[in-house]
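Reading the structure
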Amino acid sequence: MATQDHSPRWDAQLQRRLARGEETALGELYDRLAPMVHGLAGRILADQAAAAQLTREVFAYVWEHPEDFDPAQGSLRAWLGALTHRRAVERLRARRAAEPFPGRGTGAAEEEIRAVATAARMQYVVDSLPQPLRETIAVTYYDGRTYQETARLLGISEQAAKQRMRLGLELLATELAEERARQHGGEDGDDGR
Amino acid sequence: MNQGNTEEERHETLRSLLGAWSLGACPPREAAELERHLRTCPECAEEAARLREAAGWLSLDEPLDQPCSLRQQVLDWCLARRPAELPVPAWGMPYTAETAKLDALLRDLGPEEWQEVAELPWHGGTEQLRPAEVLGRLTAVDGFLALALGLPDPVPAAKGAPAPAERRVPPQDAAVPAPPAAPRVPPQGGRYAEVTARTARLLADQAGLTPQSVRCRWRQQTHDLVRSAALAPQGNTPVDFGYAVLPLRDAFVDRALECFVHGEDVARAVAYPYDPPAPQHLRQMVELVVRLLPRALAGLRGARPEHAGAPGAPAGVGTGGRRLRLVVDGPAAGEWLVPLDGAEAGPPGGEPVASMVLDGLELCQLAAAHRDPDRLPVGEHGDRAAIRAVLHALPLLSRP
């Protein structure tokens with residue numbers, strides 16, 4: 001599945017099928033990317049109804065405008081991730097602006113939005129890690145195992161387990177640095193990706 | 001462990017630990033050794049800081065649960081804005097929804113949960129399978145639909161015998177609702193031999209695969225099936241299961257029910273919650289079960305004459321077959337008149353000899369042999385023997 005997620009051919013085929021109006025293509029798109037879209041929306045908006053609403057809007061946008069996706073610029077997953085992220089942050093800003101006491105400092109509110117957006121972005125990156133890396137990190141970190149225990153559990157060498165952990169975190173660290181650069185690049189520098 | 005190593009080798013060894021260390025996954029002695037090294041090695045210290053910081057972002061709250069109903073909501077929302085040019089036929093919807101639900105459950109399974117053993121009862125026994133084997137079984141039986149639609153068979157051919165020849169077993173008592181003149185239940189090994197053989201071959205074939213690859217194969221086939229179904233919206237293509245022949249539109253509903261039932265078997269094994277089918281899908285499943293019920297009753301008459309209602313000969317010979325009023329309540333509510341006797345009793349008619357009321361989901365669970373016919377809560381009125389016959393016939397619709 002991980003390979004198919006990242007196959008440009010699959011993306012381009014799906015795009016053509018969406019353009020032709022195949023309902024099954026919409027279903028496949030949903031099945032593959034809804035966990036990411038809904039998860040990202042939920043993490044940023046922290047509200048079940050708002051996350052569901054945003055998920056509807058994002059998929060409706062792709063269904064109505066499949067031609068907007070440009071396979072040359074990256075994967076469908078990345079495009080949808082950026083779209084979701086941008087719209088969720090917009091929604092969050094609008095919500096904050098409508099709060100009764102905006103006077104406590106827009107700086108603080110903006111800082112909070114950034115933290116939430118970074119956290120969501122990182123989780124999105126974790127979710128998008130190649131499956132072996134994600135699995136190794138998940139069973140180690142969330143279940144509190146040593147790398148030796150993880151290696152035994154997954155049936156891989158200890159060397160491989162250590163490498164996966166290091167590589168996975170390296171990818172996260174790179175993404176984190178980029179996210180920060182993007183946020184400090186300007187107030188409105190959040191163009192998704 | 002580093003005695004005798006050069007400083008460079010020691011550096012590389014410790015450096016390879018940085019990922020594990022950042023996740024707090026080194027045993028204390030190794031962690032202490034690495035931490036001593038970090039004080040003297042700026043290169044490693046820099047990487048350690050970066051990775052530690054990245055690991056800090058892992059400890060996030062769990063995401064919101066994705067409600068099962070969201071899929072339908074989102075798709076409906078999209079389709080209201082832009083109608084599909086190539087829609088999924090209504091009879092394909094339960095299968096689409098149930099396979100998506102099972103896939104969502106599997107997405108959350110950890111390596112240990114893939115090792116749990118699920119129990120899959122049917123009327124002839126109980127199978128014990130790991131989740132990946134459950135998927136193999138679903139894939140093998142779904143393969144009958146693939147064959148009918150001209151898609152590749154997921155099951156490898158049997159050794160020695162060419163597969164197509166083996167499949168030409170005539171669908172004796174199953175093709176037509178009317179049972180043969182002398183009702184009988186073929187030996188179970190015989191009737192289900194091909195299904196079990198196919199499942200066994202597929203399980204052997206996928207034994208070396210990771211659970212995720214198995215999931216991927218199964219999922220790909222489910223997507224391909226629905227896509228082909230959308231091109232054959234009439235759904236008349238016959239699907240030969242070996243023990244029964246159903247038109248494609250019924251076969252899809254049948255497979256949706258099977259997918260739900262075994263998805264729930266897996267969920268039970270890993271202690272996850274599992275939602276029932278959406279009401280409109282459950283309704284389609286109930287309708288199919290009710291339509292197949294006369295076949296099951298014929299099978300029951302053959303196997304256990306004491307359930308025929310009147311021992312010896314079917315009651316009402318010459319006056320027409322008896323009927324039973326089946327009232328289903330719950331989200332898939334409806335009412336049906338079920339013919340109780342075979343064609344030899346004459347056309348069914350007259351006042352129903354009995355009425356029974358039960359929940360639609362329970363009816364489907366009973367048809368999957370996942371309930372005890374003697375302990376199911378059922379509202380009864382009229383001929384108890386007829387009601388008992390229906391209750392005992394339903395599980396015969398299940399298979400290995």
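Residues numbered from 1 in each chain as written. Chains lettered and ligands numbered in written order. Predicted model: local features only at pLDDT ≥ 70, side-chain atom pairs only at ≥ 80, totals over all residues.

This brings us to the overall build of chain B. Assigned secondary structure in chain B consists of 14 helices and eight strands. With 400 residues in all, chain B has 41% of them scored as buried. Taking as baseline every contact in chain B between residues at least 6 positions apart, the subset at least 24 positions apart corresponds to 73%. (Helix = DSSP H or I, 4+ residues; strand = E, 2+ residues; numbered from the N terminus. Buried ≥ 20, exposed ≤ 12 C-beta atoms within 10 Å, placed from the backbone. Contact = placed C-beta atoms within 7 Å.)

Attention now goes to the overall build of chain A. Along the backbone of chain A there are nine helices and zero strands. In chain A, the succession of helices and strands from N to C terminus is α-α-α-α-α-α-α-α-α. A fraction of 66% describes how many contacts in chain A between residues 6 or more apart in sequence connect residues 24 or more apart.

Before going further, it helps to examine the confidence of the model for chain B. Do not read the predicted coordinates in detail wherever pLDDT is low. All names here are of chain B. In this model, chain B carries an average pLDDT of 86, and 86% of its residues clear a pLDDT of 70 or more. No element of chain B has a lower mean pLDDT than helix H8 (residues 163-167), at 43, and none a higher one than helix H11 (residues 248-269), at 98. Note that pLDDT drops below 50 for residues 163-188; the model gives that stretch 31 contacts with residues more than four away or on any other chain. Across residues 309-317, confidence stays below pLDDT 50; counting only partners more than four residues off in sequence or on other chains, it has 20 contacts. Note on the complex model: pTM 0.77, ipTM 0.75. (pLDDT = per-residue confidence, 0-100.)

Moving on, we come to the interface of chain A and chain B. Listed by partner, the interface residues are 50 residues for chain A and 48 residues for chain B. Contributing elements (two or more residues each) for the side of chain A that touches chain B: helix H3 (23-45), helix H4 (48-64), helix H6 (106-128), helix H7 (131-142), helix H8 (147-154) and helix H9 (158-184) of chain A.

Glancing now at the pairing of strand E6 (residues 334-339) of chain B. Residues and elements named next belong to chain B. Strand direction decides the pairing type here: strand E5 (residues 323-329) and E6, joined by six bridges, are antiparallel. From the neighbouring strand, Val 327 faces E6, where its bridge partner is Glu 335. Linking E5 back to E6 in an antiparallel pair, the connection comprises four residues, with Gly 330 at a positive phi of about 90°. (Pairing = 2+ DSSP bridges.)

A few words now on unusual backbone geometry. Negative phi is the rule for most residues except glycine; trans is the rule for most peptide bonds. Despite not being glycine, Ala46(A) has its phi angle at roughly 50°, a positive value. Unlike most non-glycine residues, Ala369(B) shows phi in positive territory, near 60°. Relative to the helices and strands, Ala369(B) is located in the loop between helix H13 (360-367) and strand E8 (379-382). Assessed through the 22 C-beta atoms surrounding it within 10 Å, Ala369(B) is described here as buried.

Let us look at the environment of Gln123(A). Mapping Gln123(A) onto the fold places it in helix H6. Assessed through the 22 C-beta atoms surrounding it within 10 Å, Gln123(A) is described here as buried.

Turning to the sheet that holds E5(B), a few remarks are in order. Residue and element names in this part refer to chain B. The strand order E6-E5-E7-E8 describes an open sheet built from four strands, whose pairing is mixed. The sheet terminates laterally at E6 and E8, the two strands that pair on one side only. Going across the sheet, the axis of each strand differs from the next one's by a mean of 20°, ignoring polarity. Pairing geometry for E5 and strand E7 (residues 354-359), over six bridges, is parallel. If you follow Val 327 over to E7, its bridge partner there is Val 357. Of the strands in this sheet, E5 and E6 touch helix H12 (residues 279-303), which is tilted by about 15° from E6. Helix H14 (residues 384-393) rests against E5, E6, E7 and E8 of the sheet, and its axis sits at about 40° to E7. (Axes fitted to C-alpha atoms, helices over the stretch in contact; angles between N-to-C directions.)

Here we take up helix H4 (residues 42-56) of chain B. An ideal rise of 1.5 Å per residue puts 21 Å on 15 residues; H4(B) measures up with 21 Å between its terminal C-alpha atoms. Where H4(B) is buried, its residues meet H9 of chain A together with helix H2 (18-22) and helix H3 (28-40) of chain B. (Expected span 1.5 Å × (residues − 1).)

Attention now moves to the confidence of the model for chain A. All names here are of chain A. With 88% of its residues at a pLDDT of at least 70, chain A reaches an overall mean of 83. The spread of mean pLDDT over the elements of chain A runs between helix H1 (residues 2-5), the lowest at 43, and H4, the highest at 96. Predicted confidence is poor over residues 1-5, with pLDDT under 50, and the contacts of this stretch with residues over four places away or in other chains come to seven contacts. Throughout residues 186-193 the model reports pLDDT below 50, and contacts reaching past four residues in sequence, or to other chains, amount to eleven contacts.

The next point concerns the environment of Glu64(A). With respect to the secondary-structure elements, Glu64(A) resides in helix H4. In sequence terms Glu64(A) and Glu28(A) are 36 residues apart; their C-alpha atoms lie 16 Å from each other. Ignoring any residue separated from it by four or fewer positions in sequence, one finds Glu64(A) in contact with Arg81(B) and Arg82(B).

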